[in-house]
Amino acid sequence: MEKSMDFRTIDWVNGRIKIIDQRQLPGRLSYLHIKDLKRLWQAIKTLTVRGAPALGAAAALGVYLGVKNRSFKNFNDFERELKRVIGYIASSRPTAKNLFWALERIRRAGIKDPRRPVSEIKKAILAEAKKIMEEDIISCRKIGCFGAKLINHNDAILTICNAGSLATVGYGTALGVIYQAKKEGKKIKVYSCETRPILQGARLTTWELKKRGVDVTLICDNMAATLMQQGKIDKVITGADRIASNGDSANKIGTYDLAVLSRYHKVPFYVAAPASTFDLEVKHGKEIPIEQRPAEEIHSLFFKKRMAAKGIKVYNPAFDVTPASLITALITDKGILRAPFRESIRRMIP
Ligand code: MRU
């Protein structure tokens, strides 16, 4: 674990997955120690752990939890179970590419050499999951360094959802850019959209930015247009859950709104994400699966206090897709990608 990080979102400690319980924030920084696969699945589903890169790490460690205590007659027996566990984790949330990318990496590590004893294969799976975690921290640092070059002293930056330390193993993507710019001595002001319905912006982004001494102001999602009209926003930076091979980017619902507003107000709109968020098999945004979340998230305040009439119909897509044509640049761990995105992505993303 990196010394300079004041908290780590996900880790492997004493045979368990240690995660920050993000449902408790900003009230309490508490940790869960997950030791079985079903709990891990629930933690993903309930956004206890969330954010595309953090989901990748959780999924990878989850596979190890699923196979570690089971005995297998032979490799075929093991492979069958590996497939079942991977399929189960894959059924938790559909949009973040990182989750499927990590599961595929683990599958490959598991089937690489069938002649090894299963005990060795299990070790290889854990080693691969740990590698995914450490690589994520490095990727975020690279995104931060590339992205900080785009930031000027005294910039006011608008962001949505949480694409920070809490959405990754550590550091963050969109917020990583802000942390790095601050480290370089630039004065930055951040506006955070509250991010209905689950309020990742209000609960998580403001919490971690304040903790790191970044000047942050919370706004309701429907205030972004006014701020831009008043000339208060210099740049928008968001994260991404899946980026198609043409640059169309899926991210938290409301991101597309900000991209449309940015174009109208001539504000640069940046998407920050590691290579593991790109899905080169997806040609454009329409092919990206968009998660539908439970109605309670919208009609009942934190699933308890009802805010809408009983029986009301609810539509609750968790993500939207910003067309590449509205994106000024993609800030990745491989560098800054610009239009035409199909070419820059093909050139830079392995
Ligand atoms: O539903 P969530 O909270 O998992 O959504 C997360 C986001 O939309 C993030 O912006 C995205 O995963 C990028 S995280 C670096």
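Criteria and cut-off values
Residues numbered from 1 in each chain as written. Predicted model: local features only at pLDDT ≥ 70, side-chain atom pairs only at ≥ 80, totals over all residues. Heavy atoms only, no water. Pairing = 2+ DSSP bridges. Helix = DSSP H or I, 4+ residues; strand = E, 2+ residues; numbered from the N terminus. Axes fitted to C-alpha atoms, helices over the stretch in contact; angles between N-to-C directions. Parallel < 35°, antiparallel > 145°, perpendicular 65-115°, else oblique. Left-handed = near helix turned anticlockwise from the far one by under 90°. Contact = heavy atoms within 4.5 Å. Nonpolar A, V, L, I, M, F, W, Y, C, P; charged D, E, K, R; others polar. Near = heavy atom within 4 Å. Polar contact = N/O pair within 3.5 Å; in protein donor to acceptor, adjacent residues only side chain to side chain. Areas by Shrake-Rupley, 256 points an atom, 1.4 Å probe, with all protein chains shown as cover. Domains from an automatic or database assignment. Buried < 20%, exposed > 50% of the residue type's maximum accessible area, 1.4 Å probe, protein only. Core = buried A, V, L, I, M, F, W, Y, C linked by side-chain atoms within 4.5 Å.

A. Quick look at the sheet that holds strand β1 (residues 10-13). Spatially, three strands are ordered β1-β2-β3 in an open sheet, and the strand pairing comes out antiparallel. At either end of the open sheet lies a strand with only one pairing partner, and these are β1 and β3 (31-34). Neighbour-to-neighbour, the strand axes of the sheet open up by a mean angle of 25 degrees, direction not taken into account.

B. Inspection of the packing of helix α2 (residues 52-68) against helix α5 (residues 118-148) at higher detail. Two elements in contact, α2 and α5, have axes whose closest approach is 9 Å; the angle formed by their N-to-C orientations is 165 degrees. The pairing of α2 with α5 is recorded here as roughly antiparallel in orientation. Considering how the two elements wind past one another, α2 and α5 form a crossing that is left-handed. For the pair α2 and α5, contact is made by Pro53, Ala57, Ala60, Leu61, Val63, Tyr64, Val67 and Lys68 and by Lys122, Ile125, Leu126, Ala129, Ile132, Met133 and Asp136, respectively. Taken together, the residues that form the contact of α2 with α5 break down as 12 nonpolar, no polar and three charged.

C. Layout of the site of the ligand. Among the 17 residues in the neighbourhood of the ligand, the closest are listed as Arg50, Arg93, Asp241, Asn251 and Lys252. Within the side chain of Lys252, one N or O atom sits 2.7 Å away from an oxygen atom of the ligand. Alone, the ligand offers 420 Å² of accessible surface; in the complex the protein occludes 100% of this. Put simply, the parts of the chain that give the shell around the ligand at least two residues each are α2 and β9 (249-252). For the shell around the ligand, the class distribution of residues is seven nonpolar, six polar and four charged. Residue contributions to the shell around the ligand reach at least three from each of two domains, namely domain 1 (10-140) and domain 2 (146-348).

D. Main features of the sheet that holds strand β11 (residues 278-279). Spatially, the four strands line up as an open sheet ordered β11-β8-β9-β14, and their pairing is mixed. Each edge of the open sheet is held by one strand with a lone partner, namely β11 and β14 (319-322). In this structure, strand β8 (residues 242-244) lies alongside β9, joined through two bridges in antiparallel fashion. Across the sheet, Arg242 pairs through a bridge with Ala250, a residue of β9.

E. The pairing of strand β10 (residues 269-272), seen in detail. Alternating residues of β10 divide into Phe269 and Val271 and Tyr270 and Ala272, and every residue in both groups is buried. Pairing of strand β7 (residues 235-238) with β10 involves three bridges; the strand directions are parallel. Bridge pairing in β10 links Ile237 to Tyr270. The sheet contact formed by β10 and strand β15 (residues 329-332) spans three bridges and is parallel. Residue Ala272 lies in a different strand from β15, and its bridge partner there is Ile331.

F. Local environment of the nonpolar core. Residues Ile17, Val63, Phe78 and Ile125 are the most contacted members of the largest nonpolar core, which totals 43 residues. Elements with a minimum of two residues in this core: β1, β2 (16-20), α1 (37-45), α2, α3 (75-90), α4 (97-111) and α5. Per element, the largest residue contribution to this core is 12 residues, and it comes from α2. Discounting residues that sit within four places of it in the chain, Phe78 has contacts with Val67, Phe72, Gly110, Val118, Ile121 and Ile125. Listed in part, the 30 residues of the second largest apolar core include Cys193, Ala240, Ala259 and Ala275.

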